[in-house]
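Analysis of the macromolecular model
If you want the building blocks of each chain, they are given just below.
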Amino acid sequence: MKKKLRILLVWIFVSLCFQFGGYTLLENKIQKVMGPMDGHSEPPIAPQLKATIPGSELTNIQVSYAKDYLAYSDNGTLKIFNLKKGKVVFEKKSPSSTDQTLGVQIYQWLPDRNILLYFYAKKNPNQVTTVKVPFKSIPSTPSIEPKTEDPNHAKIVTKEVPVEPKYEKRYGSPQLTELYSLELSNSDEDFAPDDRINPFDPLSGSEEISAAGKIEKFVVATSTNLMYLTVTKETKQQFMEIDINKTVSTLSKAKEHIDNMAISDRFATLYIDSKVGTVQQVVALSDGKRQVISKNANDRILGVRKGRVYIGEVVNHQLVKIKTTADLELIKENPSLKTEWHGSIPFNEKVKALIGANGQIVVYDNQTVSIITDGHLAEVKFQGDENYVSADGSELIQLTKQGTSTLLDLQPLKP
């Protein structure tokens, strides 16, 4: 009896081991399909790579998450270059060669997969529509009609008089702005990119995006698919949200101007540099609520990464201090800020700042990269004519013009 019980227990143990192993394998497969959504996985780092790209006027250079595709604008055309195969695999031209407000306005790689989101503007082919007014009849002036059988008695008759149908012209937005998602396969494969349009809800303010003007800033929360953007026409700016159903909402306060935005990689909280009149603040937005993170007029949001919110203090165009606070699911008003570094780095409108995958603060212009890691500052000099740092802070992207082509040098960023 004991022997049978022992055998039964052994088989139960073996069965549980197989089940646990199967569930673990399934979970890993699901994680690979879903992608790293919480910001904890390390982005891939490419070895040094050189390529020759056709064209000499390349702008807005952005390398994909896997470091195998390059997005750039070439004389108004969005192009995607396969870095491994050395060729252009996608183009999106502007519908006009003269109107610079049309075509691809802004684009951005998702931070955890090879998908590019971009906004595309075109003329509205149905800006003016003619609408037929429904047919109606109106009563005529009452008239007296004598009765034939008795001329001394008459009756009052009212007749319906038909009205000729009318046509009215109605005017819509002169421009249509559409959101596209471009998904690319593994760079070793030859599958064509999947370019899909994501139409807005026409009843929820999409015309405001089309008619307002230029999209200037654009961030995406990959965990919720929420998108935030600022749209500027002349001196007026609108701050908008697009949800998963492509419904557009306006979040602007009266006379508010947003200088910069950063999105939480964990809780989809949006952090903004908000200026209303003369009041400059760092503000957090979550579930429709606003919380002030810093009332210091010199503070600016630098980025959010792995549970930390990074705020820079800028005085006289110099970054003099970097402070952090916890990126929490429940935001509190005026949280405590911890000073991580103080010193002096040039910080003007031409300078870009980002938070790297390992929590390093990267500040760069076209000549110099300043990297702050654990409170220590290091510098790296660029070698190209035009230079960038990848969004995860891991790669130097250096471009050098050579005739009608551009030489690309992609290499790991090492202090």
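We now examine the overall build of the protein chain. Counting its regular elements, the protein chain contains 2 helices and 34 strands. When burial is assessed residue by residue, the protein chain has 41% of its 415 residues classed as buried. Relative to all contacts within the protein chain whose residues are 6 or more apart in sequence, the contacts with residues 24 or more apart total 47%. For the protein chain, the computed accessible surface area is about 24200 Å², with 54% contributed by carbon and sulfur atoms.

The next thing to look at is the sheet that holds strand E7 (residues 115-123). Sheet architecture is open: 4 strands sit in the order E6-E7-E14-E15, paired in antiparallel fashion. Looking at strand neighbours, the two that pair on one side only are strand E6 (103-109) and strand E15 (194-198), the edges of this open sheet. The sheet shows a mean angle of 25 degrees between the axes of neighbouring strands, direction not considered. In this structure, E7 lies alongside strand E14 (residues 175-183), joined through 9 bridges in antiparallel fashion. Residue pairing for E14: Ile115 is matched across the bridge by Glu183.

Considering the arrangement of structural elements, one finds Asp299 in strand E24 (residues 299-305). Separated by 2.9 Å, the side chains of Asp299 and Lys323 make a polar contact. Ignoring sequence-local partners within four residues, the contact set of Asp299 consists of Asp273, Val282, Ser294, Ile311, Gly312, Glu313, Lys323 and Leu337.

Glancing now at the environment of Asp190. Along the chain, Asp190 turns up in the loop between E14 and E15. With relative accessibility at 63%, the residue Asp190 sits in the exposed group. The sequence separation of Asp190 and Val89 amounts to 101 residues, and the corresponding C-alpha distance is 9.2 Å. Setting aside anything within four residues of it in sequence, one finds Asp190 in contact with Lys85 and Lys87. Among the polar contacts listed, one links the side chain of Asp190 to the side chain of Lys85, at a separation of 2.2 Å.

All right, on to the confidence of the model for the protein chain then. Here the protein chain shows a mean pLDDT of 83. Residues at 70 or above account for 76%. Note that pLDDT drops below 50 for residues 22-40; the model gives that stretch 15 contacts with residues more than four away or on any other chain.

A few words now on unusual backbone geometry. The backbone of Lys255 shows a phi angle near 60 degrees, a positive value even though the residue is not glycine. Considering the arrangement of structural elements, one finds Lys255 in the loop between strand E19 (248-250) and strand E20 (256-263). Although it is not a glycine, His317 sits at a positive phi angle of roughly 60 degrees. When you line up the elements, His317 lands in the loop between strand E25 (308-315) and strand E26 (318-326).

Here we take up the environment of Glu241. With respect to the helices and strands, the residue Glu241 is situated in strand E18 (residues 236-242). Using a relative accessible area of 19% as the deciding quantity, one classes Glu241 as buried. Considering only alpha carbons, one finds Glu241 and Val220, 21 residues apart in sequence, at a separation of 9.9 Å. In this view, Glu241 contacts Leu226, Met227, Tyr228, Thr247, Val248, Ser249 and Leu251; residues no more than four positions away in its chain are not counted.

Criteria and thresholds
Residues numbered from 1 in each chain as written. Predicted model: local features only at pLDDT ≥ 70, side-chain atom pairs only at ≥ 80, totals over all residues. Heavy atoms only, no water. Helix = DSSP H or I, 4+ residues; strand = E, 2+ residues; numbered from the N terminus. Buried < 20%, exposed > 50% of the residue type's maximum accessible area, 1.4 Å probe, protein only. Contact = heavy atoms within 4.5 Å. Areas by Shrake-Rupley, 256 points an atom, 1.4 Å probe, with all protein chains shown as cover. Pairing = 2+ DSSP bridges. Axes fitted to C-alpha atoms, helices over the stretch in contact; angles between N-to-C directions. Polar contact = N/O pair within 3.5 Å; in protein donor to acceptor, adjacent residues only side chain to side chain. pLDDT = per-residue confidence, 0-100.

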